[in-house]
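Remarks on the overall topology
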Amino acid sequence: MVQSTLNGRFFESTRGRIVDILRRGARTVDELATELEITDNAVRLHLGMLERDGVVRSRGVRREGSVGKPATIYDIAPDADPLFSNAYLPFLSTLLASLADRMSVRELKALMRDVGQRLAGGAKPGEGNLAARADLASKVLNELGGMTTVEMAPGSKALSVRGCGCPLSAAVSERQEVCVAVQTMLAELTGAEIKETCDRTGERPQCCFRISAKS
């Protein structure tokens, strides 16, 4: 699954122009080279990097005429489609607003807990001591786009996973109940007690989850 994002500057590059062409239809190396007015070798270099990143894929071959080797056909990898969409954030914000209009805070939190359980996907809790499970929680948040570290909570044996930002900042800014989904997901994955203490006072929400052994 592709996890990176593609911005406007990317689409101004040669690699971005290749992606733009392939979004309109499959092409061979020769066809891309002709459209872009660059060499076949340059196209192959860019395609190799795009394949490595999961953005494009080779999809069979095409034989043109009876002489020479068949040409490989390239197109956009299905998993890359979300990279080209700008709809997710406005859709999520509008969905949360609609849900909030129809549900009480209690009902919305219950829904977010269900979302967190579904995000965990029925995974078995991580093993090891509290520090190992805190590291797991930090890793999960970082894989979602956070930038977190594990800290010892002052005056306690509990640990905290503290972030420099929030991977769901746009949603959290609209409805702080979204944090309940992340809290529940981490509890499911670590098998530990998770207390959400995120900082939402500034312009940029910052994750913070306190992790302690279940009593």
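Preceding this paragraph is the structure being described.
Keep in mind it's a predicted model, so treat the numbers as computed, not measured.

What counts, and at which threshold
- Residues numbered from 1 in each chain as written.
- Predicted model: local features only at pLDDT ≥ 70, side-chain atom pairs only at ≥ 80, totals over all residues.
- Heavy atoms only, no water.
- Helix = DSSP H or I, 4+ residues; strand = E, 2+ residues; numbered from the N terminus.
- Rg over C-alpha atoms; globule rule 2.2 N^0.38 Å.
- Areas by Shrake-Rupley, 256 points an atom, 1.4 Å probe, with all protein chains shown as cover.
- Lys, Arg positive; Asp, Glu negative; His and termini not counted.
- Charge placed at Lys NZ, Arg CZ, Asp CG, Glu CD.
- Axes fitted to C-alpha atoms, helices over the stretch in contact; angles between N-to-C directions.
- Parallel < 35°, antiparallel > 145°, perpendicular 65-115°, else oblique.
- Contact = heavy atoms within 4.5 Å.
- Nonpolar A, V, L, I, M, F, W, Y, C, P; charged D, E, K, R; others polar.
- Salt bridge = Lys/Arg side-chain N within 4 Å of Asp/Glu carboxyl O.
- Buried < 20%, exposed > 50% of the residue type's maximum accessible area, 1.4 Å probe, protein only.
- Pairing = 2+ DSSP bridges.
- Core = buried A, V, L, I, M, F, W, Y, C linked by side-chain atoms within 4.5 Å.
- Disulfide = S-S within 2.5 Å.

Turning our eyes to something else, we now look at the overall build of the chain. The number of helices and strands found in the chain is nine helices and seven strands. A compact globule built from 215 residues should have a C-alpha radius of gyration of about 17 Å, whereas the chain, at 23 Å, is more than 25% larger. Its C-alpha atoms give the chain principal-axis dimensions of about 75 × 40 × 30 Å. Accessible surface, the chain as shown: approximately 13300 Å² in total, 50% of it carbon and sulfur. Charged side chains of the chain number 29 positive and 27 negative; the gap between the two group centres comes to 4 Å.

In the contact formed by helix 3 (residues 29-36) and helix 4 (residues 40-52), the axes pass within 9 Å of each other and the chain directions differ by 110°. With respect to each other, helix 3 and helix 4 are oriented roughly perpendicular. Contact residues: Val29, Asp30, Leu32 and Ala33 in helix 3; Asp40, Val43, Arg44 and Leu47 in helix 4. Residues belonging to the contact of helix 3 with helix 4 are distributed by class as follows: five nonpolar, no polar and three charged.

Below, the discussion takes up the pattern of salt bridges. Counted under the stated rule, the structure contains nine salt bridges. Note that Arg27 is salt-bridged to Glu35, the shortest N-O span being 2.6 Å. Since its relative accessible area comes to 40%, Glu35 is described here as partly exposed. Where salt bridges share partners, they join Arg57, Arg59 and Asp75 into one cluster.

This paragraph deals with the sheet that holds strand 7 (residues 208-212). Across the sheet, four strands lie side by side as 4-5-7-6; this open sheet has antiparallel pairing. Edge positions in the sheet fall to strand 4 (148-152) and strand 6 (193-196), since each of these pairs with one other strand and no more. Ignoring strand direction, the axes of neighbouring strands in this sheet form an average angle of 25°. Bridge count between strand 6 and strand 7: four bridges; the pairing is antiparallel. Note on strand 7: the bridge partner recorded for Glu193 is Ser212. Running at roughly 160° to strand 6, helix 9 (residues 178-190) makes contact with strand 6 and strand 7 of the sheet.

Ranked by internal contacts, the top residues of the largest apolar core, which has 28 residues, are Met112, Met185, Leu186, Phe209 and Ile211. Secondary structure elements with two or more residues in this core: helix 6 (105-120), helix 7 (130-143), strand 5 (159-163), helix 8 (169-174), helix 9 and strand 7. For this core, the element with the most residues is helix 9, which contributes eight residues. Beyond its immediate sequence surroundings of up to four residues, Met112 is in contact with Leu96, Glu177, Val178, Val180 and Ala181. Within the second largest apolar cluster, 19 residues are counted, among which are Leu36, Val43, Ala80 and Phe84.

This part takes up the state of the cysteines. Overall, the coordinates contain zero disulfides when judged by the stated rule. As a non-bridged cysteine, Cys166 has Cys207 as the owner of its nearest cysteine sulfur, 4.0 Å distant. Among the residues examined, Cys166 registers a relative accessible area of 16% and is labelled buried. A disulfide-free cysteine, Cys179 has its sulfur positioned 4.0 Å from the sulfur of Cys198, the nearest such atom.

This part covers the sheet that holds strand 2 (residues 56-62). Within a beta sheet, neighbouring strands are joined by backbone hydrogen bonds and run either parallel or antiparallel to one another. Pairing within the open sheet is antiparallel, and its three strands lie in the order 1-3-2. Looking at which strands have only one partner, the edges of the open sheet turn out to be strand 1 (27-28) and strand 2. The pairing of strand 2 with strand 3 (residues 71-76) spans five bridges and is antiparallel. Within the sheet, the bridge partner assigned to Val56 lies in strand 3 and is Ile76. The sheet contacts of helix 4 involve strand 2 and strand 3, and relative to strand 2 the element is tilted by about 120°.

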